[in-house]
Every structure is written in structure tokens, then in C-alpha cells.
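Per-entry structural report
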Amino acid sequence: MTKRHVSLPPLAEEGLRAFIDEVDERLSGDEDTCDVVTDVLVDLHGDRDAYERWQSGEDVSPAERVRLQGYDPCNTTLESEYYAEKDEERFKRSKHLQWLWRQFDATPMADNVEFALRFRRMLADHLFESCGENCRFFKGISFTYGHNIEIGDNAVVHDDVHLDDRGKLTIGDRVSISDDSHIYSHDHDVVDQTHVDNYHTIIEDDVRLTYDSMVRAGVRVGENAILAAKSIAGSDVPAHHIAAGTPAKSIAIKDGWESVADPLEDANVDRREERRLDYDLPEDFRPFDEFQRNLTPPDR
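A brief report on the enclosed structure follows. (Residues numbered from 1 in each chain as written. Predicted model: local features only at pLDDT ≥ 70, side-chain atom pairs only at ≥ 80, totals over all residues. Heavy atoms only, no water.)

1. Describing the pairing of strand 17 (residues 241–244)
Every second residue of strand 17 is oriented toward a common face, the buried set being His241 and Ala243 and the non-buried set Ile242 and Ala244. Direction of pairing for strand 15 (residues 226–227) relative to strand 17: parallel, over a ladder of 2 bridges. The residue bridging Leu227 from the neighbouring strand is Ala243, located in strand 17. Examined bridge by bridge, strand 17 and strand 18 (residues 249–253) share 4 bridges and lie antiparallel to one another. Each bridged residue has a counterpart across the sheet, and for Ala244 the counterpart in strand 18 is Lys249. Remark: 4 residues form the turn of the hairpin made by strand 17 and strand 18, two consecutive strands paired antiparallel; Gly245 in that turn has positive phi of roughly 105 degrees. (Buried < 20%, exposed > 50% of the residue type's maximum accessible area, 1.4 Å probe, protein only. Helix = DSSP H or I, 4+ residues; strand = E, 2+ residues; numbered from the N terminus. Pairing = 2+ DSSP bridges.)

The following block contains the structure:
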């Protein structure tokens, strides 16, 4: 066992529980999510006095006004807000919760590990499609929406990980995702980069994605497999295999798992097309081409 039990002093534990329980109860109730997020962020950032002065009509500077308005997620935009195929109804709530997650990480309390892990775990129940027991989420994790993520029990996601759920992302039990890893569920066409395909990306039970690794959209990383540091998985990684490189290839089977693992020569198969997700756009949708390029190839 490489970890030891750590606990907060009794009074700190009491305050932590009271705060998290209060936010959890408010998010579970009938209150407008924007109002809850605003209140929590104003207090976490220690800006209650300035906020109340502004709300009462007192003069504030333009910079102060922008800061105070920014606590309300209804006054913000996220990159994923511009995605054409997003589920508008689900995004209304997940955007606000994602804003709370991100702005909490900008507070000093985000570095108090015992407090921060439990606060993010509570938020995960409201933000994700589903989240299992005893998951740990460290600092700087980002999502596309949040509501297309399913995570099993006892998973750990370390610092500065990106979980792209523009498509669908399933993460199993006891998965460990190391710092700076990226897991994608969407991909761009090589000719027309404005065309996006969404996929279901699957990380099965007991997988380890090590430092600065990347899983491409639609890839399945099999049970108990390892993706080596700085590797990019562009095709499926079979269960119990160790994959490394760019693009990643299965280079070994974990010692002791040979009898239940696929042989190395059968690995490295690209099955992403099996996990492509279809989506429809509204009939009145007006696309915005941010690049404005002529995409006609010279040889056609």
C-alpha cells in the first residue's frame, strides 16, 4: 500500500462537511442553478461585500463590475457553447456546473486536497451522466460538456487532464488517468476541419493512462491495459496489453496475464468506426465557418 490515511482537524472537517452538504442540497433542489453557482463563487472568492454593494446600486468600476458579473455563469460563454450539435437542454445546466468546477479551481481552496477532492466529487454527481463511489478528481481537469461522461467506482483523474465528451466517454472502475493526459471523443476531417465526427470512447476497468498520453476518439482501451507516457492510442488497446509509442502499438502483455490476453500479433486493430455516433442539426441551423477557406482540392 503506497498511501496513508490523512484527516483534517475536527473543526475543519465540520466546516467542510457543512459547506459541501449545503451546496449539494441546493443543487439538488428547485433553486435556479445560476443563482446557486453565483452565491457559492462570490463567497469562495471572498467578494460578498463588494457584490452586495454592487447589487444595491452603488457605483463600481468597470473592471470590478466585470469581475462581479463573472460569478454568474449566465454571463459567461464556454468554447463548447459554440458547438453546433450540442444538446441545448442538457447544456443549460451542465454549463453552469462546469463553470462552478472551473472557477472553484481558481480559488486557494482548490489546493486543499482533502476539501477539493470531496467538493469535486460532489459536483461530479450533478455534472456527469453518472459517477461511481470514491472517485478522486484533482486540479485543472477540463471537459467539453460533462453530461456525456460516465465514470465507475474508485477512478482517479490527476492534474490538468482533458476529458472530451463532445461524443460520449465511458471510464470504468479503478481507472487511473495521469497528469496532462487527453481523452477525445470527437475528431476533425483531414480536408474540411469544420466537419466533426463524434464517437464513443471507452476506457475499461483497471486501465492506466500514464503521463501526457492521449487516446483518440472512438478508441477502446481494454481492461487492465497500460498506455505508456507520451503515447497516442489511435487504435484499440487489447485487455492486459502495454501499448507505447506514437502511434501506440502493443509491445508486451502484462506478466501473469498471458493466458487471458489476446496475442500481440492480433493487436493494433482500428475499430473506431464501430463507435461513431450520428447526430442531427436543426433544420434552421445556420453554420458559421470560422476559417473561410476554399476546400476544393486542386486535383479534382
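2. Structural notes on unusual backbone geometry
Leaving glycine out, the prevailing phi sign among residues is negative, and the prevailing peptide bond configuration is trans. Cis geometry marks the peptide bond from Thr246 to Pro247; its omega dihedral reads 0 degrees. Phi is positive for His240, which is not a glycine, with a value near 70 degrees. With respect to the secondary-structure elements, His240 resides in the loop between strand 16 (232–233) and strand 17. Residue classification places His240 among the buried positions, given a relative accessible area of 5%. Phi at Asn268 is positive, roughly 65 degrees, even though this residue is not glycine. Its location among the elements puts Asn268 in the loop between strand 18 and strand 19 (276–277). On the accessibility criterion, Asn268 (27% relative accessible area) is partly exposed.

3. Regarding helix 2 (residues 33–44)
The first and last C-alpha atoms of helix 2 sit 16 Å apart over 12 residues, in line with the 16 Å expected at 1.5 Å per residue. Judged by how many residues are buried, helix 2 sits mostly within the fold: 9 of 12 residues are covered. Within helix 2, the full set of buried residues consists of Thr33, Cys34, Val36, Val37, Thr38, Val40, Leu41, Val42 and Leu44. Near the N-terminus of helix 2, the side chain that reaches the backbone nitrogen of Cys34, with its oxygen 2.9 Å away, is that of Asp32. (Expected span 1.5 Å × (residues − 1). Polar contact = N/O pair within 3.5 Å; in protein donor to acceptor, adjacent residues only side chain to side chain.)

4. Brief notes about the sheet that holds strand 5 (residues 156–157)
With mixed pairing, 7 strands are arranged side by side in an open sheet as 2-5-8-12-15-17-18. The open sheet is flanked by strand 2 (136–137) and strand 18, the only strands paired with a single partner. Here 2 bridges tie strand 5 to strand 8 (residues 176–177), and the two strands are oriented parallel to one another. Bridge pairing in strand 8 places Val156 opposite Ser176.

5. Thoughts on the state of the cysteines
Counting across every chain of the model gives 1 disulfide. The partner cysteine of Cys34 in its disulfide is Cys74, sulfur to sulfur 1.9 Å. Classification of the bridge connecting Cys34 and Cys74 rests on its S-S torsion, roughly 110 degrees, and on that basis the disulfide is right-handed. Separated by 40 residues along the polypeptide, Cys34 in helix 2 and Cys74 in the loop between helix 4 (62–69) and helix 5 (88–104) bring together distant segments of the chain. For Cys74, a relative accessible area of 46% gives the class partly exposed. Cys135 provides the cysteine sulfur closest to Cys131, a residue in no disulfide bond, and the two sulfurs are 3.9 Å apart. For Cys135, a relative accessible area of 4% corresponds to the buried category. (Disulfide = S-S within 2.5 Å.)

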